[in-house]
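# Working through the structure, step by step
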Amino acid sequence: MRAMTDTIATAPAPRSDSSPTPRFGDATGLKNMQQLIQLRWIAVVGQVATILVVHFGFGIRLPLDQMLAVLTGLAAFNAASQLRWRIPRDVTNTELFIALLVDVGMLTAQLYLSGGAANPFVFLYLLQVIIAAVLLESWSTWTMVGVTIACFAGLALFSEPLPLSTDPGQGLFRPYVVGMLICFALVAALLVVFITRISRILRGRDARLADLRQRAAEEEHIVRMGLLASGAAHELGTPLATLAVILGDWRHLPHFTSDPELLEEVIEMEAQVRRCKTILSGILLSAGEARGEGSEETTVSTFLDDLVEEWRTTRAVTSFAYENRFGHDLPMVSDSALKQMICNVLDNALEASPQWVGLTAAHDGDALTLTVSDVGPGFAPEMLAHFGKPYQSSKGRPGGGLGLFLVVNVARTLGGTVTARNRPEGGAVVTLTLPLAAITLEEDDDEDDGHGH
């Protein structure tokens with residue numbers, strides 16, 4: 001029974017005739033085949049026990065040699081199937097259909113040798129039809145219905161009934177009634193288990209589909225935001241260049257050179273304009289439209305150290321604790337989107353905790369782990385429950401919450417994760433886990449390049 005329910009648990013959800021044809025060339029098809037193999041072993045053991053009980057317990061003479069020969073053939077087929085499907089490979093609908101046809105054929109042979117259509121276990125055909133309805137495509141399921149009907153009719157026409165007692169005085173203890181009771185209990189129990197598991201699968205499938213729809217909507221939202229940001233970057237380039245020229249001219253005017261305080265303010269304005277131009281360059285670089293220098297090769301530790309130095313000098317943070325525990329350095333390409341993602345998390349921490357922000361970088365297995373901590377008020381429970389969703393923010397301003405939304409989606413694009421929690425002593429912790437394979441270069445390639453011609 002466990003094997004049968006596991007088969008249903010891994011099956012694709014039922015479909016309507018208008019739905020697309022399901023594909024079996026995946027892990028689900030292989031798992032279904034392996035569950036059928038397990039179920040077949042259970043059937044072999046169950047048939048041996050049933051034959052022995054009927055023959056020796058009820059005293060009903062059965063053709064043991066022939067029935068055991070059929071069981072031997074079934075066991076041999078199952079052993080061959082187990083060897084074939086031990087190595088992972090694609091399983092097609094036709095292969096599953098053939099496997100079920102073998103089961104139907106073996107059941108028909110055993111029923112033919114043990115009373116035919118009068119055998120109470122003839123209703124086990126229904127289980128084969130149910131499994132086919134769940135595992136197979138529509139045409140295969142209806143073919144299985146036709147095959148089982150034909151087998152039932154053939155048994156009624158050609159098999160010899162067993163000499164079973166029909167004395168009504170025996171009541172429940174008549175062999176036929178006992179067989180019917182066992183068959184009914186077996187079919188009823190399996191159907192209850194199947195329907196329960198199928199309902200659970202459908203609920204899980206609906207949840208996964210809802211999650212995929214939500215993810216698609218978020219990614220579409222990101223695309224729209226990227227297009228707007230790229231367009232804004234193009235439009236802002238010209239006025240920023242004009243401001244840079246004007247401020248450069250102002251620095252040489254006597255009115256400013258004679259007043260150190262005004263000159264310092266002009267210099268600061270020039271620095272902020274350059275920072276704006278750098279940000280715009282990063283936006284266009286992420287969109288594949290680099291305005292200035294291309295991406296540069298660096299290392300993980302250098303990238304993080306430079307990022308921290310730039311962030312520290314351009315933000316008004318009272319105390320910033322940075323610890324780089326990455327260890328053995330690895331080559332990587334400085335990526336604008338990755339840089340903006342980390343700075344975004346740091347900016348959020350700074351806004352919540354201007355007095356102290358902490359950043360720890362570590363090499364955790366095959367991943368880079370960045371932990372950003374603060375001593376602010378922490379995340380509200382509802383924000384933790386919807387962490388990374390757009391417009392989830394405690395700042396109370398229009399458009400809030402997009403920063404972490406972008407962080408989560410950039411990390412997801414790289415194959416990483418972003419988690420958040422509140423610290424027991426106060427404050428919040430945001431952990432970014434990024435696979436090194438997505439952000440680093442192959443060391444061997446670099447070494448080969450260094451020793452090349």
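Not measured: the values here are computed from a predicted model.

### A closer look at the side chain of Asn93
Mapped onto the elements of the fold, Asn93 is located in helix α4 (residues 93-113). Looking at Asn93, its side chain comes within polar contact range of the main-chain nitrogen of Glu137, at 2.9 Å.

### As for the side chain of Gln110
Inspection of the secondary structure assignment puts Gln110 in helix α4. Gln110 gets classed as buried once you look at its relative accessible area, which sits at 6%. One polar contact links the side chain of Gln110 to the main-chain carbonyl oxygen of Met67, over a distance of 3.4 Å.

### A few points about the pattern of salt bridges
Going through the model one piece at a time under the given rule, you end up with 7 salt bridges. As a salt-bridge pair, Arg251 and Glu270 come within 3.2 Å of each other at their nearest N and O atoms. Of the two residues, Arg251 sits in the loop between α7 (175-250) and α8 (254-257) while Glu270 sits in helix α9 (residues 260-286), which places them 19 residues apart along the sequence. For Asp347, the salt bridge goes to Arg315, with nearest N and O atoms at 3.0 Å. Highlighted residues: Asp347 in helix α11 (residues 336-352) and Arg315 in the loop between α10 (300-314) and β2 (320-325), separated in sequence by 32 residues. Since its relative accessible area comes to 26%, Asp347 is described here as partly exposed.

### As for the packing of aromatic side chains
The tally for this structure, following the rule as stated, stands at 3 aromatic pairs. Relative to Phe256, the ring of Trp250 has its centre 5.4 Å away and its plane inclined at 10°; by these criteria the two rings are stacked. Exposure remark for Phe256: the relative accessible area of 13% places this residue in the buried category.

About the thresholds
- Residues numbered from 1 in each chain as written.
- Predicted model: local features only at pLDDT ≥ 70, side-chain atom pairs only at ≥ 80, totals over all residues.
- Heavy atoms only, no water.
- Helix = DSSP H or I, 4+ residues; strand = E, 2+ residues; numbered from the N terminus.
- Polar contact = N/O pair within 3.5 Å; in protein donor to acceptor, adjacent residues only side chain to side chain.
- Buried < 20%, exposed > 50% of the residue type's maximum accessible area, 1.4 Å probe, protein only.
- Salt bridge = Lys/Arg side-chain N within 4 Å of Asp/Glu carboxyl O.
- Phe/Tyr/Trp six-rings, centres within 6.5 Å; stacked < 30°, edge-to-face > 60°.

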